[in-house]
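# Per-entry structural report
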Amino acid sequence: MSTKDSFRAPKGTADLLGSAAAGWDALQQTARRVFARYGYAPVYTPVFEHTEVFARGIGEATDVVGKEMYTFTDRAGRSLTLRPENTAGVVRAAIQAHLTDNGQTAKLFYAGPMFRYERPQKGRQRQFYQLGAEALGFQAPAADAEMVLMLRDFYLTLGLTETRGSASLAASPDNGNLVLLLNTMGCAQCRPAWRDAMAGYIRAHADGLCQECQRRADTNPLRALDCKNPACVDIMAGAPKLADYLCDDCREHFAQVRALLDAAGVVYQLDPTLVRGLDYYTRTVFEFQVADGLGSQNAVGGGGRYDGLFEQLGGSPTPGIGFAIGAERTLLALEAAGIILSDTNRTAVYVACADADLRDTAFLLTTALRAAGVSVVCDLQDKSLKSQFKAADKAGAGHVVIIGADEDARGGVTLRDMQTKTELFVPRDELLAALTAGDSEN
Ligand code: AMP
């Protein structure tokens, strides 16, 4: 690698600048607001864990563990891995902190970067950002239904809309842009028989399948349902269906989840091929896909139940269910739908100084406005008044407060509304009220 390349962001990573940074911020704010309504509290786990947490939690035979992990040995010889997802880390943390001991429950949400060594393309990166939630200790189907409702609530709050009626992803603009897929993957009782039947089916049809799917007969036969190769898709359409193997408990659980979603008016499609890439899923799995703007990387978020994960990570049997949202893909979907997230970090006011003798006055006025809670900046570089106006425009300020010798002599400022371009004189002691007027209407 040339020195020039070493000073660029590594392949598959991106600097979040400008609208990308504001977008990630806005997603986090929306998530915090929506998830709080469902009783979720934040959790932050380390960006790296002992490799074992992911190898055991996600499953050795998965693509994520087999091919995509950033694993390294630290100076003391420990094998550590940058987290490829956050569910295993959150469950590890919950076990360590005894959050779910004695039948207790916990509802936790997270936001942060994840790392997978994948082939980068639009909507697929090596460092990407996820928002996610985990409901730990909940067994009943109502928890599954609430999880789906919360994820749907998040997307609808952002302005995306549900696709109604059509099984095809070719949603028209007036028929929404979100499709919810729902499936059950059975449990430790009923899945093994289905898994064996799938392995047998793959072996019997090996000739027509891609090499990867042929290998899957021995490693992870269910993943063959996920293969995008057209020949494999055709053959796998005739594969054994889990529905024929489900135990009574799993069948009943899924029926109740669906009944609750139906009653809540959620639009979804049952998709028996939805298996998702991580081994820990049991029973309910779900995924939101978007029709436009994302090509093959159209899954914006998804999740499912993971009733065996606690034991895999050394805890006592504890049910759990969660989801993860892909931030980049969600932002791309919003862009494709023409939805602009409001930038709550915007500067509201710019204090411009029209007289060099009044710079300190402008600086102190800015400080006082900030103390009163206004988002306000002033010039720190002795710029001309014209340049200060340009800076105010660039900052997106809604108002400019102009301090000049005249205004100062009269004990006030000129307040310019940047949208209407109108100006009026405001006495100093009425400025705060003038700037915050109308705030409560928003
Ligand atoms: P998963 O953890 O694989 O269930 O992924 C959950 C969501 O994260 C997906 O639906 C995607 O939106 C997003 N995602 C997963 N992998 C990547 C990646 N390499 N780059 C960008 N987003 C991703």
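Here, every reference points to the structure presented above.
Residues numbered from 1 in each chain as written. Predicted model: local features only at pLDDT ≥ 70, side-chain atom pairs only at ≥ 80, totals over all residues. Heavy atoms only, no water.

### Focus: the packing of aromatic side chains
Per the stated rule, a full pass over the model turns up ten aromatic pairs. Pairing F35 with F109 gives two aromatic rings, centres 5.7 Å apart and planes at 75°, and the pair type is edge-to-face. Of this pair, F35 sits in helix α2 (residues 18-36) while F109 sits in strand β5 (residues 106-115), and the two are 74 residues apart along the sequence. Here the aromatic rings of F154 and Y155 are separated by 5.4 Å at their centres, their planes lie at 70°, and the arrangement is edge-to-face. Taken together, the aromatic side chains of F35, F109, F154, Y155, F288 and F323 make up a single cluster linked through ring pairs. Above the ring of F425, the side-chain terminus of R410 is found at 3.9 Å from the ring centroid. (Phe/Tyr/Trp six-rings, centres within 6.5 Å; stacked < 30°, edge-to-face > 60°. Helix = DSSP H or I, 4+ residues; strand = E, 2+ residues; numbered from the N terminus. Lys NZ or Arg CZ within 6 Å of the ring centre and 35° of its normal.)

### Let's talk about the sheet that holds strand β1 (residues 41-42)
Pairing between the strands of a sheet is mediated by backbone hydrogen bonds and can be parallel or antiparallel. Pairing in this open sheet of eight strands is mixed, and the strands run β1-β5-β6-β11-β10-β9-β7-β8 from one edge to the other. The open sheet has two edge strands, β1 and β8 (269-270), and neither has a second partner. Note: strand β7 (residues 178-184) against β8, two bridges, orientation parallel. Following the sheet pairing, L182 is matched in β8 by L270. In the packing of helix α6 (residues 141-158) onto the sheet, the strands contacted are β5, β6 (127-136), β7, β9 (282-290), β10 (299-305) and β11 (320-326), and the crossing angle to β11 comes to about 15°. (Pairing = 2+ DSSP bridges. Contact = heavy atoms within 4.5 Å. Axes fitted to C-alpha atoms, helices over the stretch in contact; angles between N-to-C directions.)

### So, the packing of helix α7 (residues 191-204) against helix α8 (residues 211-219)
Where α7 meets α8, the closest approach of the two axes is 9 Å, and the angle between their N-to-C directions is 145°. Along this stretch, α7 crosses α8, giving a crossing that reads as left-handed. Residues R195, A199, I202 and R203 of α7 form the contact with α8, whose own contacting residues are C213, Q214, A217, D218 and T219. Partitioning the contact of α7 with α8 into residue classes produces four nonpolar, two polar and three charged. (Left-handed = near helix turned anticlockwise from the far one by under 90°. Nonpolar A, V, L, I, M, F, W, Y, C, P; charged D, E, K, R; others polar.)

### Side note on the site of the ligand
In the region of the ligand, 14 residues are neighbours, and R116, E118, Q125, R276 and A299 sit closest. Note that a nitrogen atom of the ligand is positioned 2.6 Å from one of the side-chain N or O atoms of E118. The contact in question runs from an oxygen atom of the ligand to an N or O atom on the backbone of V300, over 3.3 Å. Burial of the ligand by the protein amounts to 92% of the accessible area it has alone, namely 490 Å². (Near = heavy atom within 4 Å. Polar contact = N/O pair within 3.5 Å; in protein donor to acceptor, adjacent residues only side chain to side chain. Areas by Shrake-Rupley, 256 points an atom, 1.4 Å probe, with all protein chains shown as cover.)

### Structural notes on unusual backbone geometry
Positive phi, normally seen in glycine, also occurs at H98, with a value near 55°. Considering the arrangement of structural elements, one finds H98 in the loop between α5 (87-96) and β5. Assessed through its relative accessible area of 47%, H98 is described here as partly exposed. (Buried < 20%, exposed > 50% of the residue type's maximum accessible area, 1.4 Å probe, protein only.)

### A look at the nonpolar core
When a protein is soluble and globular, its nonpolar side chains tend to lie buried together. Counting residues in each nonpolar core, the largest one holds 53 residues, and the members touching the most others are L136 and M236. With sequence-adjacent residues up to four places away left out, M236 is seen in contact with M198, Y201, I202, L209, A224 and L225. Core analysis: the second largest hydrophobic core is formed by 42 residues, Y40, L180, F288 and A333 among them. (Core = buried A, V, L, I, M, F, W, Y, C linked by side-chain atoms within 4.5 Å.)

### Section: the environment of E335
With respect to the secondary-structure elements, E335 resides in helix α12 (residues 327-336). On the basis of relative accessible area, E335 is assigned to the exposed category, the value being 61%. With 125 residues separating them in the primary sequence, E335 and C210 have C-alpha atoms 35 Å apart.

### Re helix α14 (residues 385-395)
Taken together, the buried positions of α14 are Q388, A391 and A392. All buried residues of α14 lie within an arc of 100° about the axis, which places them on one face of the element. Those residues of α14 that are exposed and angled more than 90 degrees off the buried face are K386, K390, D393 and K394. Phi for G396, located one or two positions after α14, is positive at around 75°. (Arc of directions from axis to C-beta.)

### Concerning the pairing of β9
In terms of burial, β9 is largely enclosed, as nine of its nine residues are buried. Bridge count for β7 against β9 is seven bridges, and the pairing is antiparallel. Following the sheet pairing, L182 is matched in β9 by F286. Sheet topology places β9 next to β10; six bridges connect them, and they run antiparallel. The residue bridging E287 from the neighbouring strand is G302, located in β10.

### Regarding the pairing of strand β15 (residues 412-417)
Of all six residues in β15, five are buried, a share of seventy percent or more. Where strand β14 (residues 399-403) lies against β15, four bridges are found, and the strand directions are antiparallel. The residue of β15 that forms the bridge with V401 is L415. Here five bridges tie β15 to strand β16 (residues 423-427), and the two strands are oriented antiparallel to one another. When the sheet's bridge partners are listed, L415 is paired in β16 with L424.

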